[in-house]
Amino acid sequence: GVRLLLHGLCTNTTVKSLDLKGNNLRATGAEALGKLLRQNKSIRSLTLEWNSLGMWEEGFSFFCQGLRANNFLQRLDLRNNQINHQGAGELAMALTQNTSLQELDLRWNNIGLLGGRALLNCLHSNKTLKKLELAGNNVPGDILKAVEQALDHNQDREAILSEAQNQVNILSKEVLSLKDEKNKQFMDFVDTVDKQKEERARSEKMSAAQVSQLQEALDEQYSIMNSLKTKLQMTEAALALSEQKVHTLGELLNAMKQEQNSVAECHFRELQQQKQEGADREGRLLHDLSAASEKNLLLRNQVDELKRKCKIQQDQLFQVKQDLTNTTAELKLRAVEAEERLEMEKRRFKQSLEDMESLRVKEVDRMAQQMEASERSMHDRIQRLEAIRISLDEELSQVKAAALTERGRAEEELVKARSQARLEQQQQLEHLEEKLRLMTESRDEAQNCCLKQKEMVAEAQAKAKQLSLYADGLRRRLDELQQDLDRKEEEKVTELNKVKVELQEQIGHLEAERTAQDGLREKIAALERQLKALSSNHREALLDKEGEISLLLEKLRMKEAEISRMREEEAQRASFLQNAIMAYVQGSPLGTHSSRK
């Protein structure tokens, strides 16, 4: 029945105390108890008084093997079980490996000197047994005193260990609080980094908006340049027309000279021919010059006054030449002025482009310097945190794994933040470089267009030279063209004034943008000052915590020194006790009898 009961309790998890005193368990019961102790994990107290377990050596050895494997039993009562010195030796071997038993009652057995000595020797390796009752076992008093001293040493050791465990718990709590504070500080730092990222994104948006505005201003300037180019083409066409007129007038002067010579030689002889020529010239010059028509009429009506009229015509032609030279000189001067104005506009445009490029380069350099400074500060803070973590890991081995995991996470987050910042910088730089490339391409296209237009002007001039024969009917339009040129000159002046006003407005916009950039720089400087203040506060807090940790470590070292001193004292006591026991054994009659044998 006991065997069945103990077999059922092997899998039980609720029974904490078992009392089987006075049941005469015998060998089968002892074996069942050994199996119970090997398998059961809930029983903390076992009472086996008055069962004569020591009479059955094999069963009791099996029971001791189960006790050796058990790490949950705390109290064992083996009173009046007829345990001899062999059973005590088996029990001592079991106690050397047991780490949970705290109370053992062996009163009123037959342990004797050898059993007491075996139990005393097992107490050198067993540090958990606090109470051992050996009354009524014929154990010498010195062994009993040595056993009591070993038990007291175990109790003191348990108290010291509990105190050390409490201190370790306190230190672990403080370390956890330090970790929480560091995590909070790290999260605050991450929040500040996120805020800086947001502000940087805002500044990037502002810079993108400014770049877009500058791009629009450049487009407007390109349109203005195109309009000026068209006006230049028109002026060049007008110059080509005026050159054609000058060429035709020169040809007319040559023709008039030849006609005067022919009329002076044979004005009487070829009067009919002159009339026909006059009629022909009248038909050709009706739409060009009123002076030529009057001359033709005078040639028809007054042949005698031909010489005087020729002189008058020569004077008129000389005045026309002077007028033509004056007009050509004025047109050339105006063309030169227009070219100079265009060159000035080109230089201003190039200067504005260079200023914008320098501003962009300065802004990019400033952003890069800010990012490098932030990365350096973050790297310094990480190094400091790692140094603190390494010191804590060296001194507190229990917190090492958690600190390593937190450091790995922090490093991964920092690597991610750095990679994100670098990617954002690279994207921004690529975007700005793409814009610059587009601007340079547009500028190159504009220059190519200018070259093409110049080539077209050259071709037009060549065609104008070929079409100089058709300039006879353009004399009457000379005054109209002059008026058109004056009107166009006035329009050009007004347009130049408009361009100047627009350029002044753009300069004002650029100055406003510069003031905005100065404000942003001031904000960035204020943020940097705030970051420096936060870093100084963080550094002071870390220094305070390091001082506290050093104090706690000093206390731990003192406690460890006391524990080592107590261990040395206990070892000395144990050696003294062993020497005394050996001396007692050698001096006793039993020792002499054994030596004689």
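Computed from a prediction, not measured in an experiment: that's the story for all the values here.

## Looking at the overall build of the protein chain
Item 1. Across its full length, the protein chain holds twelve helices and five strands.
Item 2. The C-alpha atoms of the protein chain give 59 Å as radius of gyration, which overshoots the globular expectation for 597 residues (25 Å, by more than 25%).
Item 3. Looking at the protein chain residue by residue over its 597 residues, the buried ones come to 33%.
Item 4. Counting every atom, the protein chain has about 37500 Å² of accessible surface; 54% of that belongs to carbon and sulfur.
Item 5. Averaging the coordinates of the 92 positive side-chain charges in the protein chain and doing the same for the 100 negative ones gives two points 4 Å apart.

## Side note on the nonpolar core
Item 1. Membership of the largest hydrophobic core comes to 48 residues, with the highest contact counts inside it found for Leu-33, Leu-48, Leu-76, Leu-78, Leu-104 and Leu-106.
Item 2. For Leu-33, the contacting residues outside a window of four places in its chain are Leu-6, Leu-20, Leu-25, Leu-48, Leu-53 and Phe-63.
Item 3. Leu-171, Leu-392, Leu-542 and Leu-553 belong to the second-largest nonpolar core, a separate cluster that totals nine residues.

## Thoughts on the packing of helix α2 (residues 26-39) against helix α3 (residues 57-69)
Item 1. The interhelical angle for the contact between α2 and α3, taken along N-to-C directions, is 10°, at an axis separation of 7 Å. With respect to each other, α2 and α3 are oriented roughly parallel. Residues Ala-27, Ala-30, Glu-31, Leu-33, Gly-34, Lys-35, Leu-37 and Arg-38 of α2 touch α3, and the partners they reach there are Gly-59, Phe-60, Phe-62, Phe-63, Gly-66, Leu-67 and Ala-69.
Item 2. Taken together, the residues that form the contact of α2 with α3 break down as nine nonpolar, three polar and three charged.

## Considerations on the UniProt feature "coiled-coil region" (unreviewed entry) in the protein chain
Item 1. Mapped onto the present numbering, the UniProt feature "coiled-coil region" (unreviewed entry) falls on residues 154-181 and 289-569.
Item 2. Structurally, residues 154-181 comprises 100% helix and 0% strand, and the distance from its first C-alpha atom to its last is 39 Å.

## Some remarks on the state of the cysteines
Item 1. Going through the model one piece at a time under the given rule, you end up with zero disulfides.
Item 2. This cysteine, Cys-10, is not joined by any disulfide, and Cys-64 carries the nearest cysteine sulfur, 17 Å off.
Item 3. With no disulfide of its own, Cys-122 lies 11 Å from the sulfur of Cys-64, the closest cysteine sulfur.
Item 4. Classification of Cys-122 as buried rests on a relative accessible area of 3%.

## Thoughts on the sheet that holds strand β5 (residues 131-133)
Item 1. Ordered by their spatial adjacency, five strands build an open sheet running β1-β2-β3-β4-β5, and the pairing between neighbours is parallel. Each of the sheet's edge strands pairs with one partner strand only, and the pair in question is β1 (17-19) and β5. Within this sheet the neighbouring strands show an average axis-to-axis angle of 0°, counted without direction.
Item 2. As paired elements, β1 and strand β2 (residues 45-47) share three bridges and run parallel to each other.

## As for the environment of Asn-166
Item 1. Examined against the element boundaries, Asn-166 turns out to sit in helix α6 (residues 141-265).
Item 2. Residues Asn-166 and Gln-319 lie 153 residues apart in sequence; the distance between their C-alpha atoms is 123 Å.

## Observations concerning the side chain of Asn-98
Item 1. By the element assignment, Asn-98 lies in the loop between α4 (85-97) and β4 (103-105).
Item 2. Residue Asn-98 is classed as buried on the basis of its relative accessible area of 2%.
Item 3. With near-sequence residues (within four places) excluded, Asn-98 lies in contact with Leu-67, Arg-68, Asn-70, Asn-71, Asn-126 and Thr-128.

Rules used throughout
Residues numbered from 1 in each chain as written. Predicted model: local features only at pLDDT ≥ 70, side-chain atom pairs only at ≥ 80, totals over all residues. Heavy atoms only, no water. Helix = DSSP H or I, 4+ residues; strand = E, 2+ residues; numbered from the N terminus. Rg over C-alpha atoms; globule rule 2.2 N^0.38 Å. Buried < 20%, exposed > 50% of the residue type's maximum accessible area, 1.4 Å probe, protein only. Areas by Shrake-Rupley, 256 points an atom, 1.4 Å probe, with all protein chains shown as cover. Lys, Arg positive; Asp, Glu negative; His and termini not counted. Charge placed at Lys NZ, Arg CZ, Asp CG, Glu CD. Core = buried A, V, L, I, M, F, W, Y, C linked by side-chain atoms within 4.5 Å. Contact = heavy atoms within 4.5 Å. Axes fitted to C-alpha atoms, helices over the stretch in contact; angles between N-to-C directions. Parallel < 35°, antiparallel > 145°, perpendicular 65-115°, else oblique. Nonpolar A, V, L, I, M, F, W, Y, C, P; charged D, E, K, R; others polar. UniProt positions renumbered as here; feature names shortened; annotations may be inferred. Disulfide = S-S within 2.5 Å. Pairing = 2+ DSSP bridges.

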